[in-house]
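# Topology and contacts: notes
Each chain, letter by letter, is given below.
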Amino acid sequence: MFQTQQIKQNFNFHTKYSTQFKDNTFVFRFLIPMTQHNINCAQVYSQLLDDRSIKAPTKQAMLRWMDELYDASFGSYLTTYGQSFVLSVVFKGIEGKIVNDPEQNHRFISWMMMILEGVLVNKETLKEAKTNVLQNVKREQEQHVKYALALSAARYENTSYALRVDGDESVNNISLQDIHDFSQLLKQVACDTYHIGQFDESVILDALKQSFLFQDKVKSPSYTLLKANPLPRLSVKKFSPQTILVKTYATHVDYQDSRYLAYRVGAIAFGSLPTSLLFTNIREKNSLCYFIHASVIAFDGVMNVITGIESDKVDVVSTMIDEQFEAMKDIDDSLLDQAKQMMIHSLVSSDDDVMSAINLHYSSSLKGDEFNIESISKKINELKREQILEAIALSECIGEFVLLGENDA
Amino acid sequence: MLKQLEKTHVFQTPSGMKVTILYKPDFKQQSMIVGVPFGGIHSNVYDEQHQLYKPGLAHFLEHKLFESESGDIMAQFSQLGAQVNAFTSYQETCYYFNTTTKFKEASNLLLDLVSECSLSEESVEKEKGIIISELSMYEAMVDQALVKNLYKSLYHHHPIIHDIGGSKQSVTEINLSQLMDAFHRFYHPSLMQCVCVTNESIESVEAMILAHPLSSKLKEKFSVKEEQITEPREVAFKDIDVSMDIEVAKGVYALKLDAHAGNPMSNVLKQFALRFLLEATFSELNPHYQQWLDEELINDYFDMDVDVSQNYSYIAFLCEHEHLDEVFNWIETTLQNVNLDEVTLNQLKRRYLGMSLKALNKPSSLSKQLIRYALNDLDFFDVLGLFQTMSMDDIEIAKQHILSSLSHASRVKITPQSK
């Protein structure tokens, strides 16, 4: 269980003392309003944080510092949360007691705060950061499933779901002033700091109180529901041996809805288990694909069914997905029970995985709930068949996107 | 030091299966993994009719083993709240699950799964469509294409030139009799390794495994007859050029190293020494690295790979550039000056100690590492401690290994298809 302390308005510190892991993990989560400009700035900022800082101005110096701390590591990434997105900065360092080094933890904290506060921003570092983001954007087009999902989402214009979380070509226009403004924004937006490990809590609190983060902050809205009129099928050609089909559903059940857990169980039975309706009937019985799954983007109120198929099977597979959705009405109770058990397993397993534990706690805190594995598991176990079927039946197919493999026919 | 941090128990069942139990009392997840030394490279094995196995046979068998006469085995695992899966690599096939409840029931189910194989012609035929779809998925991935062409460029005859999953043709040709032949030959308890990561007492887990028929049932053992591979020292192709629907050209520059049939531990040491040497020369440890980035010779895609195995060895560099030959020429020149000083060696030892400690944090991935080493007769914890013993002499040997292989280089280019 995390212990939470509010340091300032919308600036929280969550800590979980644990001897389970050989290292200490710190995660700083900044909740930022979702605009393409903010995403692009965050992607560039994330690159700037990456391997240099004012006190370690070369990659070599930074690496030496990290190796001195027994492979201390840090990285940052973006995750969407409906109308906002989160820039997470993650630091990991071996616990001093494990390597019998009493100075290790203090050195690690100093290093971590040095990185957070000393981002090296100049013309050269900005150029390199922008180049890296643009290259990642280009590479996204080479990963067909990811690319198909991005193109499919982009059709729902003027919604947060449509925005490209990896950034887009306009990254090129970002200036030093934009980065300066973005670093000011980071001071103002809601920040949740997490720690899991054996660190002395007071040392961390002192460091946070002396940092640039120590001020009241504003929390932006997160969960939403995608509302869109159904769109006709769109096909885009790609020279590839495989065709990717994406069917998008508006869930009409938002993250705060009392039916949310029932919806998730239904979605797992529909398409997230190796015994799900989609997997059993489209892959196992008809050999039409290798992968097919339904994934829920909870904070946007979206469920996507994604599969890789042959180009001449688009119609037949699309119809079969619809049929399986209809078949949910008559789903076997044992499959619903499997879905419940897998969801509970995933919740309980989060205790063994630092990032899963933090993700689940953070998602709950965004809707003001206390995260408790036992009580959520109990709620899942108590769900009735009717509740699950009623929740999943609210889904509405609002579009179909095909990344059509041109050379596979 | 690392070994003292964890409690393990190793034993062998009367049927010959080797078992490692790692006790992790603080973790909720428990897992079991069972591995057999049968993977993608075993297409040089003869079946009963003295026909060579088809490429992709191990992977095909992995798919089919989930079929059981006693009902849907996937559903049985899900009902227990256990996530089950499998993978086939070049060297081995492994089956595993992880769970937070009913560990012993799920363990028995996994041991059942690898004990029996009952297939029909019809089900074998049905699986071909699924596997061919899987091959198409990999075919569309540029990174997979790089690896596939890397092996093709370096090796003339070695079975590593075949994809783990085989080709569309070889998959089509695989039949029930070859699948059953492979099962009887390789899925013998005496060839199997089993690793459990558990929060239950070691004694109770050992008793549970020993009570399973796989531990006691003595099965007939068939010999494994392999075609001898005579691999020339020279690379198969100095240049390979292919095109794909990608945005920026990508390539691999590789050196085919002299493959010594050393013992597994000395191969691991050699692999570490080569990796250290390349890290010191081609990563941020080198003060010139920033200049290479600024000159756009490399970007953040640039990466290195080292593999020292029993009968094949190579080092490879992955890069992304519009003019790949410029990068390849630079790699070739820089390789002539590979170097590592003692200060950097100690820095890397410290880094790898941290990395090894972190590897102990995730029981589910830890069990996969444990079994891979166990299948090669290596102790995971001994391997983790090995790099601490590395000396400048080991680095010098690795350096000479590279320098003597400079004339055995290949260049693979994957360029954007004209649209």
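Residues numbered from 1 in each chain as written. Chains lettered and ligands numbered in written order. Predicted model: local features only at pLDDT ≥ 70, side-chain atom pairs only at ≥ 80, totals over all residues. Heavy atoms only, no water.

Residues and elements named next belong to chain A. Here D168 lies in the loop between α5 (144-154) and α6 (176-188). Summary of buried charges: D168 has no salt-bridge partner, and the nearest side chain of opposite charge, R164, is 7.1 Å away. At 3.0 Å, the side chain of D168 and the side chain of N40 are in polar contact. One polar contact links D168 to S170, side chain to side chain, over a distance of 2.5 Å. Leaving out residues up to four positions away in the same chain, D168 has contacts with Q36, N40, L134 and V137. (Helix = DSSP H or I, 4+ residues; strand = E, 2+ residues; numbered from the N terminus. Buried < 20%, exposed > 50% of the residue type's maximum accessible area, 1.4 Å probe, protein only. Lys, Arg positive; Asp, Glu negative; His and termini not counted. Salt bridge = Lys/Arg side-chain N within 4 Å of Asp/Glu carboxyl O. Polar contact = N/O pair within 3.5 Å; in protein donor to acceptor, adjacent residues only side chain to side chain. Contact = heavy atoms within 4.5 Å.)

Now for the interface of chain A and chain B. In this assembly, 58 residues from chain A lie in contact with 61 residues from chain B. When the two sides are added together, the surface that chain A and chain B hide from each other amounts to roughly 5200 Å², 52% of it contributed by carbon and sulfur. Summed over the shared surface of chain A and chain B, the result is eleven salt bridges. Between R139(A) and D300(B) there is a salt bridge, and its shortest N-O distance comes to 3.3 Å. At the junction of chain A and chain B, the tally comes to 34 residue pairs in polar contact (both at pLDDT 80 or more). For the side of chain A that touches chain B, the elements supplying multiple residues, two or more each, are α2 (59-68), α4 (123-140), α9 (277-284) and α11 (333-349) of chain A. Looking at the side of chain A that touches chain B element by element, the count peaks at eight residues for α11(A). For the side of chain A that touches chain B, the class distribution of residues is 16 nonpolar, 19 polar and 23 charged. (Buried area = accessible area lost by both parts, 1.4 Å probe. Nonpolar A, V, L, I, M, F, W, Y, C, P; charged D, E, K, R; others polar.)

Once that is clear, we can look at the domain arrangement of chain B. All names here are of chain B. As assigned here, chain B comprises domain 1 (2-216) and domain 2 (239-416). Taking the mean C-alpha position of each, domain 1 and domain 2 sit 28 Å from one another. Summed over both partners, the interface of domain 1 with domain 2 buries about 3500 Å², with 74% contributed by carbon and sulfur atoms. On the surface where domain 1 and domain 2 come into contact, there are one salt bridge. The closest approach of N and O atoms between E92 and R372, which form a salt bridge, is 3.1 Å. Inspection of the domain 1/domain 2 interface yields ten residue pairs in polar contact (both at pLDDT 80 or more). At the level of secondary structure, the elements contributing two or more residues to the side of domain 1 that touches domain 2 comprise α1 (2-5), β3 (30-36), β5 (93-99), α6 (142-154) and β6 (193-198). Here the side of domain 1 that touches domain 2 gets ten residues from one element, more than from any other, and that element is α6. Partitioned by chemical class, the residues of the side of domain 1 that touches domain 2 number 25 nonpolar, twelve polar and seven charged. (Domains from an automatic or database assignment.)

Our focus in this paragraph is the pairing of strand β2 (residues 18-23) of chain B. Residues and elements named next belong to chain B. Alignment of strand β1 (residues 7-12) against β2, held across six bridges, turns out to be antiparallel. By the bridge assignment, F11 is partnered in β2 with V19. Between β1 and β2, which follow one another and run antiparallel, lie five residues, and G16 among them has a positive phi close to 110°. Bridge count between β2 and β6: six bridges; the pairing is parallel. Bridge pairing in β6 links Y23 to T198. (Pairing = 2+ DSSP bridges.)

With that out of the way, let us pick up helix α10 (residues 314-327) of chain A. Residues and elements named next belong to chain A. Taking 1.5 Å of rise per residue, the 14 residues of α10 would be expected to cover 20 Å, and the 20 Å separating its terminal C-alpha atoms lies within 8% of that figure. Within the sequence span of α10, burial applies to V314, V317, S318, M320, I321, Q324 and F325. The buried residues of α10 occupy an angular sector of 160° when the element is viewed end-on, so they sit on one face. (Expected span 1.5 Å × (residues − 1). Arc of directions from axis to C-beta.)

Moving on: the domain arrangement of chain A. Residues and elements named next belong to chain A. In terms of domains, chain A is made up of domain 1 (3-209) and domain 2 (234-405). If you average the C-alpha positions of domain 1 and of domain 2, the two centres end up 29 Å apart. Taken together, the contact between domain 1 and domain 2 spans 31 residues of the former and 32 residues of the latter. Between domain 1 and domain 2, the buried area comes to about 2700 Å², and carbon and sulfur atoms account for 66% of it. Counting every contact that joins domain 1 to domain 2 gives one salt bridge. In this structure, D351 and K16 form a salt bridge, with 3.2 Å as the shortest nitrogen-oxygen distance. Counting every contact that joins domain 1 to domain 2 gives twelve residue pairs in polar contact (both at pLDDT 80 or more). Among the secondary structure elements, those contributing two or more residues to the side of domain 1 that touches domain 2 are β2 (11-17), β3 (23-33), β4 (73-81), β5 (84-94), α5 and β6 (191-197). Of all the elements, α5 adds the most residues to the side of domain 1 that touches domain 2, at seven residues.

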